Amino acid sequence: MATTATPLPSGQRPNVATAAVRFPAVKDYEQVDREIGGTLGPSLGWFAALGIAILCMLIGATTWTYQIHEGLGAAGYHPPVMWGVYIITFVFWVGIGHAGTLISAILYLFRAGFRTSIYRVSEAMTVFAVMTAGLFPILHLGRPWKFFWLIPYPNWRLIWPNPKSPLVWDVFAILTYLTISSTFLYIGLIPDIAILRDREKNPIRKAILAQLSLGWRNSDREWRHFTRAYLFLAAFATPLVLSVHSVVSFDFAMALTPGWHATIFPPYFVAGAIFSGIGMVFTIAIPLRKAFKLEHYITLNDLDAAAKLCLFTSCVVGLAYLTEFQVAWMSGNKYEQDYFWNRVFGQWAWAAWIMLICNMVLPMSLWSQKLRRNPKWLFILSLFINLGMWFERFVIVVPSLSHEFEPWQWGTYRPTWVDYGILLGSFGWFFMWFLLFIKQLPVMAMAEIKEVLLPRLKVQFNHSHDLPEGIDFPDETGKVH
Amino acid sequence: MQGVLGAFRELDSAVHAIEDLKKERVGDITVYTPTPRHEFDHAMGHPPSKVRLFTLIFGLAGVTFGYWIPVWISDYWPLVVGGKAIATWVPFTILGFEVMVLIGGLATVFAMFGFAGIPRLTTTVGYDARFSHGHFGVWVATEADRAEDAMTILKKHGAEEVRRER
């Protein structure tokens with residue numbers, strides 16, 4: 001099957017509003033249940049992928065055990081760089097966790113059609129990414145078993161955490177985000193779990209699904225309150241997305257360190273988080289689409305729309321990079337100027353150029369409609385985006401700490417095998433949960449896809465008025481719908 | 001609970017059956033639909049969900065509590081830095097906002113559970129597994145003397161199956 005569809009003729013835009021255009025190859029509700037429900041059977045490839053993920057996670061767990069035994073010095077921390085791979089990877093995973101709620105909540109409020117087919121994958125990605133991110137501040141502690149001291153509760157010491165500290169803000173923001181994202185994922189899953197419950201033949205599995213579905217019956221009463229609650233949750237989750245990564249950026253911006261103390265950090269971090277999250281959505285959704293034969297659900301139009309969002313956020317991130325340089329240049333502050341000069345031409349230039357090329361230059365290819373509609377290119381680009389966004393956080397953390405005000409303070413940073421082992425373990429942890437998820441619960445919102453389809457009617461209406469001229473477009477096979 | 005259950009393959013047939021059942025006042029009607037449809041909302045004529053009230057009330061309670069926590073902590077263990085105020089509302093807005101979202105969001109979900117009547121222990125009476133796939137269901141909770149009327153209306157509008165349940 002060809003993977004690149006013919007671009008639309010000049011001046012024509014796909015209309016994603018109608019069932020016939022959104023899902024041309026999906027005919028009825030039963031087909032949705034059969035095809036998406038059919039993705040749940042485990043396969044050899046899935047077992048192999050799960051095995052690799054568990055192996056990576058075990059490497060990370062073993063490395064952490066070694067670090068607990070040896071002390072935090074086993075990682076590559078060395079004055080002046082006392083924040084390294086762990087904080088970089090923490091910010092990286094929190095960023096990944098943002099696109100899920102963005103796609104799910106913000107695009108829901110804006111009624112963006114392409115959300116339907118990819119939001120379940122994105123929401124699951126969010127929850128597992130935040131679960132992964134949450135490990136890193138604990139990994140970063142010298143005594144990780146004392147992590148709960150950050151939670152404000154009346155303990156025996158009668159000492160409370162300082163509510164003016166960005167680290168305490170982080171605890172509130174990340175825990176709220178994890179709770180609301182998990183709730184949002186679960187609430188959206190309830191009608192789909194009920195579908196699985198009604199299809200299930202195995203009595204034990206049916207009983208478990210019945211419990212998980214909370215006895216959902218698809219009644220008008222349930223739907224009426226469900227749709228309202230979902231809307232309000234989306235309305236809450238939308239500013240939450242913006243707040244959480246702003247709070248993460250305050251971990252840096254509240255310090256006086258050159259390169260960190262900037263008011264642009266919150267929007268810069270939010271745009272970067274959305275950009276990296278969309279990159280990870282492509283990394284996950286494109287192979288899933290192929291492996292589960294779901295090309296007629298995650299259509300080229302959906303990928304095209306998501307790629308436009310990716311392009312937009314790349315432009316915002318690129319603008320933020322350039323603005324940082326401009327502000328340093330115009331500030332008259334020699335420490336800022338020296339830091340930014342050092343960033344692109346000094347000790348860490350290689351990392352900065354990886355960041356700039358992956359995040360600013362390569363995504364410009366998405367101005368081409370042909371490339372936006374090419375899943376192979378989107379997948380390759382997404383790998384570069386993931387790499388570039390990890391290096392963005394590297395460039396923020398390491399060069400600033402290694403090149404502060406006084407030359408005698410300057411130093412370098414070399415991660416050790418412990419850092420790399422835990423970094424690998426975090427990917428294993430994330431993909432282990434994700435792979436378990438996709439074989440237990442549907443990767444697409446079946447009830448919501450049905451909402452887009454036309455229901456069966458006794459009296460057939462002429463829906464041609466929904467299809468204005470100029471909306472014909474080809475699918476991956478080149479067939480025009 | 002006893003009544004009559006009708007299973008429809010077509011949306012418009014189910015809507016017309018509901019309109020007739022309401023006109024004849026046969027009994028309380030519940031509709032089952034695989035996906036939310038405005039056609040049923042119009043036919044049933046229910047008022048808007050009250051979930052929003054809980055969202056508002058608990059959101060306001062959350063923001064109040066979210067400000068109160070850091071103010072109380074700061075007052076309980078004062079850390080005077082650079083002569084700044086003990087209770088500073090700007091950084092506390094972050095905690096106020098996060099707690100508002102947390103409590104408001106969770107209250108919205110629990111209100112939805114309460115209004116929708118879930119979790120439910122059993123789905124058997126007045127329900128059919130087809131209603132989560134592609135069929136539309138109409139359940140009329142009615143006494144035995146009106147059950148025949150309900151069955152007649154459901155059959156007239158083309159119900160694929162009509163049965164009594166209790």
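Residue positions within a chain follow its written sequence, with the count starting from 1. Lettering of chains starts at A and numbering of ligands starts at 1, both following the order in which they are written. Where totals are concerned, whole chains, interfaces and linings use all residues; where local detail is concerned, this predicted model gives features only for residues with pLDDT of at least 70, and gives and counts side-chain atom pairs only at 80 or more.

Here we look at the overall build of chain A
The secondary structure listing takes helices from DSSP runs of H or I that are at least 4 residues long and strands from runs of E that are at least 2 residues long, numbered from the N terminus. Assigned secondary structure in chain A consists of 16 helices and zero strands. Within chain A, the proportion of its 481 residues that are buried is 48%. We call two residues in contact whenever the C-beta atoms placed from their backbones are within 7 Å. Residue pairs at least 24 apart in sequence account for 83% of intrachain contacts in chain A once pairs closer than 6 positions are excluded. The burial label depends on the number of other C-beta atoms within 10 Å of a residue's C-beta. Counts of 20 or more mean buried, 12 or fewer mean exposed, and intermediate counts mean partly exposed, with C-beta atoms placed from the backbone.

Topic: the overall build of chain B
Of the regular secondary structure elements, chain B holds five helices and four strands. Along the chain direction, N to C, the helices and strands of chain B fall in the order β-α-β-α-α-α-β-α-β. Note that the radius of gyration is over C-alpha atoms, with the globule rule given as 2.2 Å times the number of residues to the power 0.38. Relative to the 2.2 N^0.38 estimate, which gives 15 Å for 166 residues, the radius of gyration of chain B is 25 Å and therefore markedly larger than a compact globule would have. Taken along the three principal axes of its C-alpha coordinates, chain B extends 80 × 30 × 25 Å. Residues classed as buried in chain B amount to 44% of the 166 residues present.

Concerning the nonpolar core
For the purposes of this analysis, a nonpolar core is taken to be any set of buried Ala, Val, Leu, Ile, Met, Phe, Trp, Tyr and Cys residues that are connected through C-beta atoms within 7 Å. Among the nonpolar cores identified, the biggest contains 154 residues, and Ile118(A), Met125(A), Ile278(A), Val281(A) and Ala306(A) are the most heavily contacted of them. If one sorts the elements of this core by residue count, helix H4 (residues 85-109) of chain A sits on top with 16 residues. What Met125(A) contacts, discounting residues up to four positions off in sequence, is Ile96(A), Gly100(A), Met280(A), Val281(A), Ile284(A) and Phe434(A). Within the second largest apolar cluster, 25 residues are counted, among which are Val138(B), Trp139(B), Ala150(B) and Ala159(B).

Details of helix H1 (residues 11-24) of chain B
Residues and elements named next belong to chain B. Taking 1.5 Å of rise per residue, the 14 residues of H1 would be expected to cover 20 Å, and the 20 Å separating its terminal C-alpha atoms lies within 8% of that figure. Buried within H1 are the following residues: Ser13, Ala14, Val15, Ala17, Ile18 and Leu21. Looking at the buried positions of H1, the neighbouring elements they touch are strand E1 (3-8), strand E2 (28-32), helix H2 (38-44), strand E3 (136-141) and helix H5 (144-156). Note on H1: the residue one or two positions beyond its end, Arg25, has a positive phi of about 50°. An expected span of 1.5 Å times one less than the residue number is assigned to each helix.

Overview of the interface of chain A and chain B
The interface is formed by 51 residues belonging to chain A together with 58 residues belonging to chain B. Of all the elements in the fold, those that place two or more residues in the side of chain A that touches chain B are helix H2 (29-37), helix H6 (166-199), helix H8 (220-253) and helix H16 (446-452) of chain A. For the side of chain A that touches chain B, the element with the highest residue contribution is H8(A), accounting for 16 residues. For the side of chain A that touches chain B, the class distribution of residues is 26 nonpolar, ten polar and 15 charged. Polar here means any residue other than Ala, Val, Leu, Ile, Met, Phe, Trp, Tyr, Cys and Pro, which are nonpolar, and Asp, Glu, Lys and Arg, which are charged; Gly is therefore polar.

Looking at the domain arrangement of chain B
Assigned domains of chain B: these are domain 1 (3-47 + 122-165) and domain 2 (51-116). Just so you know, the domain bounds were taken from an automatic or database domain assignment. In this structure, domain 1 of chain B and domain 2 of chain B have C-alpha centres spaced 44 Å apart.

Section: the sheet that holds E2(B)
All names here are of chain B. We treat two strands as partners when DSSP finds at least two bridges between them. Pairing is antiparallel in the open sheet, where four strands are placed in the order E2-E3-E1-E4. Every interior strand has two partners, whereas the edge strands, E2 and strand E4 (161-165), have only one. Between one strand and the next, the sheet's axes are offset by a mean angle of 20°, whatever the strand orientation. Here E1 runs beside E3; their pairing, made up of six bridges, is antiparallel. Opposite Leu5, over in E3, you have Trp139 as the bridge partner. Lines fitted to the C-alpha atoms define the axes, with helices restricted to the stretch that makes contact. Angles between their N-to-C directions range from 0 to 180 degrees. Along the sheet face, H1 touches E1, E2 and E3 and points at about 15° away from the line of E3.

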